[in-house]
Amino acid sequence: MAVITLHYRYLERLVGCDRATILERLPMIGSDIERVEEDHVDVEFFPSRPDLFSVEGVARAMRGFLGIETGLPEYRVTPSGISFSVDPGLASIRPYLGTAVIRGIALDEESILSLMGLQEALHWALGRGRSKVAIGIHDLDRVTPPFRYVAAERTRAFVPLDYDREMTMEEILEEHPKGRAYAAIVRDFPKFPLIVDACNQVLSFPPIINGELTRVTADSRNLLLDTTGTDERAVMTAVNIICTALADAGGRIESVLVSGSHVPSLAPSTRLVSARECSALLGVDLTPADLSLLLQRMRFAAEPAGDDGVRVTVPCYRADIMHDWDIFEDAAIAYGYENFRAALPPTFTIGRAHPAMVIASTVRSLGTGLGYQEVIPFTLTSERVMYQKMQRPDAPETLCVLHPISEENTIVRTAILPLLIEMLQFNRHRELPQRLFAVGDVVEGLATFQKSAFVSLHPAADFSEAYAVADALCRELSIPYTTQESGDPAFIQGRRGSLVANGRTVGTFGEIHPAVLNAFELEHPVAAVEIDLTAVPGYPSGQGTP
Amino acid sequence: MDLSLNEKRLLKVLETVKKGDPATLAARMDTTAESVIQFALLLEGRGLARVEKKVNTTYQLTEEGARYARDGLPERQMIRSFADRIPMSDLKKHPLSGIGIGQMRKKGWVTIRDGIVEKTGMDAPGSDEIALADLSAGGEGVALLQKRGLLCEHQETVYTITLTPEGEALAAKGLDLAEEVGTLTREQITSGAWKDLRLRRYRLETLPRKIYPGKVHPYQRLLDEMRQILLEMGFAEIYGGLVQSSFWNFDALFQPQDHPAREMQDTFFLKETVPVPLGFEKVRDMHLHGGTTSSTGWGGHWSRGKAEQCVLRTHTTSLSIQHLVAHPEPPVKVFCIGRVYRRESIDSTHLAEFEQLEGIVMDRDVTFRHLLGFLKEFYGRMGFEDVRFRPGYFPYTEPSVEPEVYVDGLGWVEMGGAGIFREEVRAPWGVAHPVLAWGLGVSRVAMLRLGLKDLRQLYRTDIDLVRETPLWRQAREIRGGQ
């Protein structure tokens, strides 16, 4: 999530309103206030609104939301006369370039912080950690146009930001902190992306690091923006968001000639939406005129077009407007979520519990009736608990997670009994007897279904107790069963049995093997039963398979 | 005063002897010493007798200790075995050298230099040897021997029972020693003999032993309560697999293929794949360019292979969308409570698996206002009376809303998320009407309800939590607050 720092002084100056009013209304435009400090506030904005990742962007939106200035903000772009070429060799490396020139900017500490925060948040939200989009901002007066975006030899050297010596790009990936952090994005390419000026001086090694040469300071007056990436739409969105923020900070935006077209245009787009469709979605009667007024407060230009239509002009920085409903959500926000009269849906339907869940509930009432306590173990576990400590062979149908986060969570359980015995281990210091049961999902292969297991730990626990519980479960769940000698090594030989129903083994029961008790550090005998609930007549088949 | 027969009998004996130990008293009463202590404690509770308890500690030599008491401690035996000095290599041949050499050095009886052991002359018997000769000496020596495992301690509790003046006065008045009966027998009940029996009285002050009924886990009881509310509100319950294809978990919900949630650090991916379903092309087109809707789509590329990768479901919305695909005609009102997975490092507020409750309403003419109305009603039935709504963001809903409920002591607490399915989500399957959707991380409510500080406690159960959490608490307490 993007947490943006808003300094009050700068925010108040840009919005033209006091901080109390801004803070009160800010959550209702779609944000979470994380921390309120003496001179600033940290606010989390949604990833769908990267245009709010700067003080300038927030101020622009709040001016509309508070009714200080509504409608479309206008951004003028004049040609800079500068050109920027793109090397066709980058097509398979990092093909897209966005750029702009910003002149006459006077950056102070707060606007520099805002700009750096914006850049970082865009790298995360739009840039997917710089792989999709990376942004560089340069002091234009330190270099000579025209500029070239090229695929360069990996051994090309320059002085990277924060260093005082030349390094090759390969060295940067090995040694520079930013190089190490982002090396994976470019490491495998035969050549590396590089931006140079007319004198072959290096501005940037995107997406890794800028050159020290063009470092931006409070004295920088004219800036060059470079935005490179693998997705043209995202690259242009980043350019639009940064340029409009810098224009709001007082800069003049000038376009650059890239492959024959002037970049950026900062031109809005238009959509014709239906007031009736919006009213039907929100449940509020809105005329085209009403809808227009609401949208103007969200900084759209909007005017009625015909008896149902509204022509909406969408500013260039609104990357999230993909569909008419995205505009309707903005209308809802302008209307105010607190102003909707909530009403129950008129839909009449009859409630119905799922049969698998009804069976699970039945097992619960059976378990408690037998005097057992329910527990709810995790479904993620390890081969060690599921098989090795149980003396059972690994089951081939076990589902392994590809990148486990710890040694305790490497597989999805295929049985519940081992987890119940582990639960007894957690409760070694608690009063005896301990009788526990659980009912829940297991996965075999890709199929999810329910099992239930029972354990009883006390000095007199034995095979007869396990058999009696297994018998009670089967009788109460209407499972017609027979028994067979079991070979399950988790139980003591001669004190174990399988439950067989319709020719299929559907459960095991018996007295847990002392070696298993040792493995789980238990000191008393354990009588145990596990049963596959698909054996219960009426258990719905095939619903747990993708 | 209402004495039991046993108390009266003890009082009677005490009246004669005034004072005695349990064994002697027991012999006179034809019972055991343990029972006498029980009866005496009851009498003490009434002020009729006094029970004094004294712990006597005695020591007994272990087998090894007894041997040393006869032959001397190993170091004593060894120091006697040589004159003023001896090479270490020779001394090591002594059968007790394993213990003896160290002890001799520790006690300062010898010095060892250049492999030669030499007596210091300061080898007078220490407190341990004095104690070994006479255990009653006690003190430091006994402690040293005990530390070396040469003797063991026995503690004996000695009771002395004395009649108080009050007891004496009561006994003087005369005691009725008619027989009392503890357990009624079948014979006594059917024969009518019970009419002549004197039944022993029990004391209410003696607390019963605690028994614990078998119970459903308090967390499950909360889940059941939510299920019940939704069933009462007319929802049908759905159930499905923990393993889902990325197609149903992400693509069908219009989550772009390069979305951060689809990276391996956030989601448990599996090596297994399942084919995309019939009609997947419409979902693909939706991602690429918005299909036939007013949407632009995400652009870029769409990989079928990426959609076929299996994951442990990150939300149960994957079940909701599949239910909608199977039931595209209105009305649909379904919910699901199930385990979902996030690839999180486990700590007190994060788990890799937890329960999610979620549901959808699809019908003609349902609107955003109905979504808010449903949420208010549901949270109200859960006991959260104050509910408010803020704009939210979820990739597959538009508009989106974050409901918050007011909890005493905590303020406004975010309680799940909700929204209306984007047209991009429902259009590929011919679902023509709005779908209201909402989800809730149930564990959060459970923490509030059960007053837990650590989410892990829900799953790694302390049996005492289940035993001590009452089945029923007054609604005000359990609903909406802690």
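What comes next concerns the included structure.

1. A closer look at the overall build of chain B
Thinking step 1. The secondary structure content of chain B amounts to 21 helices and 17 strands.
Thinking step 2. Relative to a compact globule of 482 residues, whose C-alpha radius of gyration would be 23 Å, chain B shows 40 Å and is clearly more extended.
Thinking step 3. Overall, chain B is about 105 × 90 × 45 Å in size when its C-alpha atoms are taken along their principal axes.
Thinking step 4. The buried share of chain B, reckoned over its 482 residues, is 51%.

2. Comments concerning empty space enclosed by the protein
Thinking step 1. Summed over the entire model, instances satisfying the criterion amount to four cavities of 30 Å³ or more.
Thinking step 2. The computed volume of the largest cavity comes to approximately 410 Å³.
Thinking step 3. Around the largest cavity, the lining comprises 27 residues; the ones closest to its centre are Arg-364 and Gln-450 of chain A together with Gln-220, Ile-337 and Glu-355 of chain B.
Thinking step 4. Looking at the lining of the largest cavity, the elements that each hand over two or more residues are helix H11 (355–369) and strand S22 (434–444) of chain A together with helix H12 (218–232) and strand S11 (332–341) of chain B.
Thinking step 5. Across the lining of the largest cavity, the residue classes break down as ten nonpolar, seven polar and ten charged.

3. Here we look at the packing of aromatic side chains
Thinking step 1. Per the stated rule, a full pass over the model turns up 27 aromatic pairs over all chains.
Thinking step 2. Consider the rings of Tyr-335 of chain A and Phe-340 of chain A, whose centres lie 4.7 Å apart with planes at 50 degrees: the pair is tilted.
Thinking step 3. Note on Phe-280 of chain B and Trp-302 of chain B: the rings are 6.0 Å apart at their centroids and 25 degrees apart in plane angle, and the pair reads as stacked. Remark: Trp-302 of chain B occurs in the loop between helix H14 (280–289) and helix H15 (304–308) and Phe-280 of chain B occurs in helix H14; sequence separation between them is 22 residues.
Thinking step 4. With a relative accessible area of 12%, Trp-302 of chain B lands in the buried category.

4. What to know about the interface of chain B and chain A
Thinking step 1. Across the contact, 93 residues belong to chain B and 83 residues belong to chain A.
Thinking step 2. The junction of chain B with chain A conceals about 7,900 Å² of combined surface from both sides, 59% of it contributed by carbon and sulfur atoms.
Thinking step 3. Looking at the side of chain B facing chain A, the largest losses of area belong to Tyr-239, Arg-369 and Pro-391 of chain B, adding up to 11% of the total buried there.
Thinking step 4. Connecting chain B to chain A are six salt bridges.
Thinking step 5. As a salt-bridge pair, Asp-462 of chain B and Arg-430 of chain A come within 2.6 Å of each other at their nearest N and O atoms.
Thinking step 6. Viewed at the interface, chain A and chain B are joined by 47 residue pairs in polar contact (both at pLDDT 80 or more).
Thinking step 7. Take the side of chain B that touches chain A: its biggest share by element is eight residues, from helix H17 (residues 368–381) of chain B.
Thinking step 8. Along the lines of polarity and charge, the residues of the side of chain B that touches chain A split into 43 nonpolar, 22 polar and 28 charged.

5. What about the packing of helix H2 (residues 22–29) of chain B against helix H3 (residues 33–45) of chain B?
Residue and element names in this part refer to chain B.
Thinking step 1. Where H2 contacts H3, the two axes come as close as 8 Å, and the packing angle between them is 100 degrees. Taken together, the axes of H2 and H3 lie roughly perpendicular to each other. For the pair H2 and H3, contact is made by Pro-22, Ala-23, Leu-25, Ala-26 and Met-29 and by Ala-33, Val-36, Ile-37 and Phe-39, respectively.
Thinking step 2. Residue classes in the contact of H2 with H3 are distributed as nine nonpolar, no polar and no charged.

6. Observations concerning the sheet that holds strand S18 (residues 309–314) of chain A
Residues and elements named next belong to chain A.
Thinking step 1. Strands sit in the order S16-S18-S17 across an open sheet of three strands; the sheet is antiparallel. The open sheet has two edge strands with one neighbour each: strand S16 (269–274) and strand S17 (301–305). The sheet shows a mean angle of 25 degrees between the axes of neighbouring strands, direction not considered.
Thinking step 2. Bridging between S16 and S18 involves six bridges; their strand directions are antiparallel. By the bridge assignment for S18, Thr-270 is matched with Thr-313.
Thinking step 3. Across the face of the sheet, helix H9 (residues 288–297) comes into contact with S16, S17 and S18 while running at roughly 175 degrees to S17.
Thinking step 4. Lying over the sheet, helix H10 (residues 324–335) contacts S16 and S18, oriented at roughly 75 degrees with respect to S16.

About the cut-offs
- Residues numbered from 1 in each chain as written.
- Chains lettered and ligands numbered in written order.
- Predicted model: local features only at pLDDT ≥ 70, side-chain atom pairs only at ≥ 80, totals over all residues.
- Heavy atoms only, no water.
- Helix = DSSP H or I, 4+ residues; strand = E, 2+ residues; numbered from the N terminus.
- Rg over C-alpha atoms; globule rule 2.2 N^0.38 Å.
- Buried < 20%, exposed > 50% of the residue type's maximum accessible area, 1.4 Å probe, protein only.
- 1 Å grid on protein atoms, 1.4 Å probe; cavity = no way out; pocket = protein on both sides within 12 Å on 5 of 7 lines; lining within 4 Å.
- Points joined across faces, edges and corners; volume = space filled by probe spheres on them.
- Nonpolar A, V, L, I, M, F, W, Y, C, P; charged D, E, K, R; others polar.
- Phe/Tyr/Trp six-rings, centres within 6.5 Å; stacked < 30°, edge-to-face > 60°.
- Contact = heavy atoms within 4.5 Å.
- Buried area = accessible area lost by both parts, 1.4 Å probe.
- Salt bridge = Lys/Arg side-chain N within 4 Å of Asp/Glu carboxyl O.
- Polar contact = N/O pair within 3.5 Å; in protein donor to acceptor, adjacent residues only side chain to side chain.
- Axes fitted to C-alpha atoms, helices over the stretch in contact; angles between N-to-C directions.
- Parallel < 35°, antiparallel > 145°, perpendicular 65-115°, else oblique.
- Pairing = 2+ DSSP bridges.

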